[in-house]
Amino acid sequence: MNFQDVLQKSKGHMGPWCKSCPICNGKACANHIPGPGAKGTGTVAIRNYDAWQNVFVKMDTISETNEVDTTFQLFGKTFKYPIFAGPVGAVDMHYSNELNDTTYNDLLVRHAKEAGIAAFTGDGMDDQIMISATRSIKENEGIGIATIKPWPLEIVKEKLDLVKESGGFAFAMDIDAAGLPFLRSFVPPAGRKSVEELRKIKEESNLPFIIKGVMSVEGAKKAMLAGADAIVVSNHGGRVQDGTPSTASVLPEIVDAIQGKMKIFVDGGIRSGTDVFKALALGADGVLIARPFVNAVYGDHEEGVGILVRELGNELAETMRMCGASDLASINRSMVETPKR
Ligand SMILES: Cc1cc2nc3c(=O)[nH]c(=O)nc-3n(C[C@H](O)[C@H](O)[C@H](O)COP(=O)(O)O)c2cc1C
């Protein structure tokens with residue numbers, strides 16, 4: 001079975017909006033929220049996908065070695081590939097109630113670890129989501145990254161206690177969830193955070209802190225000031241603000257400004273191992289892939305995630321082999337033609 005077979009199997013299980021497209025490019029789900037679409041015009045997710053298609057890899061097969069090594073080290077852990085399953089919350093609302101956040105995260109975290117990577121888990125208005133996500137992470141020896149919404153500090157602290165209890169090796173906050181309408185109207189509301197508040201969260205946690213949802217050099221510098229260990233260059237797949245640039249187009253300037261002082265991950269429309277290579281060539285340390293993992297889990301609860309990870313990893317290794325890279329550190333910007341905005 002390959003990932004296209006898993007996608008076929010997922011058809012009819014994904015709810016009314018996800019069509020299990022052969023390529024998840026944001027077109028069919030457009031602006032359906034609830035659903036996996038993007039906000040407003042629904043064009044940002046499409047732009048994210050298209051931008052990677054405008055980065056081209058340059059072949060060079062004259063090399064001293066034929067071996068390629070995709071091993072990825074992060075915060076003292078070793079992974080098979082520089083790929084994470086991205087956080088997706090409220091799956092029963094956005095997809096179908098064949099799974100809920102508890103059953104989805106249980107499957108995702110376990111199978112991601114088995115496949116040699118780690119999964120991020122999402123958060124939501126129901127307290128049970130973080131409770132069950134951190135339980136899954138605990139059951140998988142801390143290999144999973146809980147993503148906390150930008151709640152008021154007292155609530156963040158409660159969720160951090162769960163993260164610490166789980167032994168999670170790092171945690172994240174999707175700072176851009178400030179743009180989710182249903183969170184702003186929640187009592188107490190989730191919203192923007194100051195550098196000082198983020199610094200307090202980092203100190204309180206005593207764990208590597210990943211700030212997800214940074215789209216500018218200014219934002220990246222503020223995350224660094226707050227003591228973040230990593231950022232995810234992300235526009236939340238277009239779900240929090242219409243009219244933003246693609247993640248691929250802002251990544252290089254953020255990488256150049258940060259100069260290796262923080263880890264930089266990127267997500268949004270990354271759909272193949274070749275796209276992963278492009279992201280690394282533009283300076284990312286690793287990538288998150290979100291929507292395709294939902295199809296993987298719904299399509300085949302036991303095999304889907306492993307099949308997707310294996311395909312992505314093989315494509316990454318193949319692109320490295322074809323473009324003159326032997327390990328992740330040797331992938332660099334000269335190996336791609338960069339996008340024009
Ligand atoms: C239905 C849905 C729910 C999501 N929930 C979360 C969430 O709870 N926390 C979060 O940080 N990101 C969330 N995201 C954003 C993804 O993690 C990711 O940033 C975005 O989808 C772009 O990646 P992709 O193009 O590979 O899907 C969600 C995305 C979708 C489609």
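Model, not experiment: these values are computed from the prediction.

J.: Just checking my understanding: could you explain the site of the ligand for this structure?
T.: Neighbouring residues of the ligand: 23 residues in total, closest Pro 87, Asp 267, Gly 269, Arg 271 and Ala 290. Ser 234 has a polar side-chain atom sitting 3.5 Å from an oxygen atom of the ligand. Between the ligand and Arg 291 there is a distance of 3.1 Å, counted from an oxygen atom to a backbone nitrogen or oxygen. If the ligand stood free it would expose 610 Å²; the protein chains cover 98% of that surface. According to the grid-proximity analysis, the pocket containing the ligand is the largest pocket. Broken down by class, the residue content of the shell around the ligand amounts to 6 nonpolar, 9 polar and 8 charged.

J.: I'm lost on the packing of helix α9 (residues 217–225) against helix α10 (residues 247–258) in this one. Help?
T.: For any two helices packed against each other, the geometry comes down to the angle between their axes and how far apart the axes lie. Closest axis-to-axis distance for the α9/α10 pair is 9 Å, and the angle between their directions is 40°. In terms of orientation, α9 lies oblique with respect to α10. As α9 packs across α10, the resulting crossing turns out to be right-handed. Where α9 approaches α10, its residues Val 217, Ala 220, Lys 221 and Met 224 are matched on the opposing element by Glu 253, Ile 254, Ala 257 and Ile 258. Its residues assigned to classes, the contact of α9 with α10 comprises 6 nonpolar, no polar and 2 charged.

J.: Would you take a moment to explain the pairing of strand β6 (residues 145–148) for this structure?
T.: Consecutive side chains of a regular strand alternate in pointing toward one face of the sheet and then the other. Burial along β6 is two-sided: the residues Ile 145 and Thr 147 and Ala 146 and Ile 148 are all buried. Where strand β5 (residues 118–121) and β6 come together, 2 bridges link them in parallel fashion. Across the sheet, Thr 121 pairs through a bridge with Ala 146, a residue of β6. Following the backbone out of β5, through helix α5 (residues 127–139) and into the adjacent parallel β6, one traces a crossover that is right-handed. With 4 bridges joining them, β6 and strand β7 (residues 170–174) adopt parallel strand pairing.

J.: It is not clear to me how the pattern of salt bridges should be interpreted in this structure. Could you clarify?
T.: Close approach of charged atoms allows side chains with opposite charge to pair. If you walk through the whole model with that rule in mind, you get 12 salt bridges. Between Glu 302 and Arg 110 there is a salt bridge, with its nearest N and O atoms 3.6 Å apart. Of the two residues, Glu 302 sits in the loop between α12 (291–299) and α13 (304–322) while Arg 110 sits in helix α4 (residues 101–114), which places them 192 residues apart along the sequence. On the basis of relative accessible area, Glu 302 is assigned to the partly exposed category, the value being 43%. Measuring nitrogen to oxygen at the nearest pair gives 3.6 Å for the salt bridge that ties Lys 278 to Asp 275. Linking Lys 278 with Asp 275, this pair stays in helix α11 (residues 273–281), spanning 3 residues, or about one helical turn. Assessed through its relative accessible area of 7%, Lys 278 is described here as buried. With relative accessibility at 2%, the residue Asp 275 sits in the buried group.

Reading the values: rules and limits
Residues numbered from 1 in each chain as written. Predicted model: local features only at pLDDT ≥ 70, side-chain atom pairs only at ≥ 80, totals over all residues. Heavy atoms only, no water. Near = heavy atom within 4 Å. Polar contact = N/O pair within 3.5 Å; in protein donor to acceptor, adjacent residues only side chain to side chain. Areas by Shrake-Rupley, 256 points an atom, 1.4 Å probe, with all protein chains shown as cover. 1 Å grid on protein atoms, 1.4 Å probe; cavity = no way out; pocket = protein on both sides within 12 Å on 5 of 7 lines; lining within 4 Å. Sits in = over half its atoms within 2 Å of the grid points. Nonpolar A, V, L, I, M, F, W, Y, C, P; charged D, E, K, R; others polar. Axes fitted to C-alpha atoms, helices over the stretch in contact; angles between N-to-C directions. Helix = DSSP H or I, 4+ residues; strand = E, 2+ residues; numbered from the N terminus. Parallel < 35°, antiparallel > 145°, perpendicular 65-115°, else oblique. Left-handed = near helix turned anticlockwise from the far one by under 90°. Contact = heavy atoms within 4.5 Å. Buried < 20%, exposed > 50% of the residue type's maximum accessible area, 1.4 Å probe, protein only. Pairing = 2+ DSSP bridges. Right-handed = clockwise from strand over helix to strand, strands pointing away. Salt bridge = Lys/Arg side-chain N within 4 Å of Asp/Glu carboxyl O.

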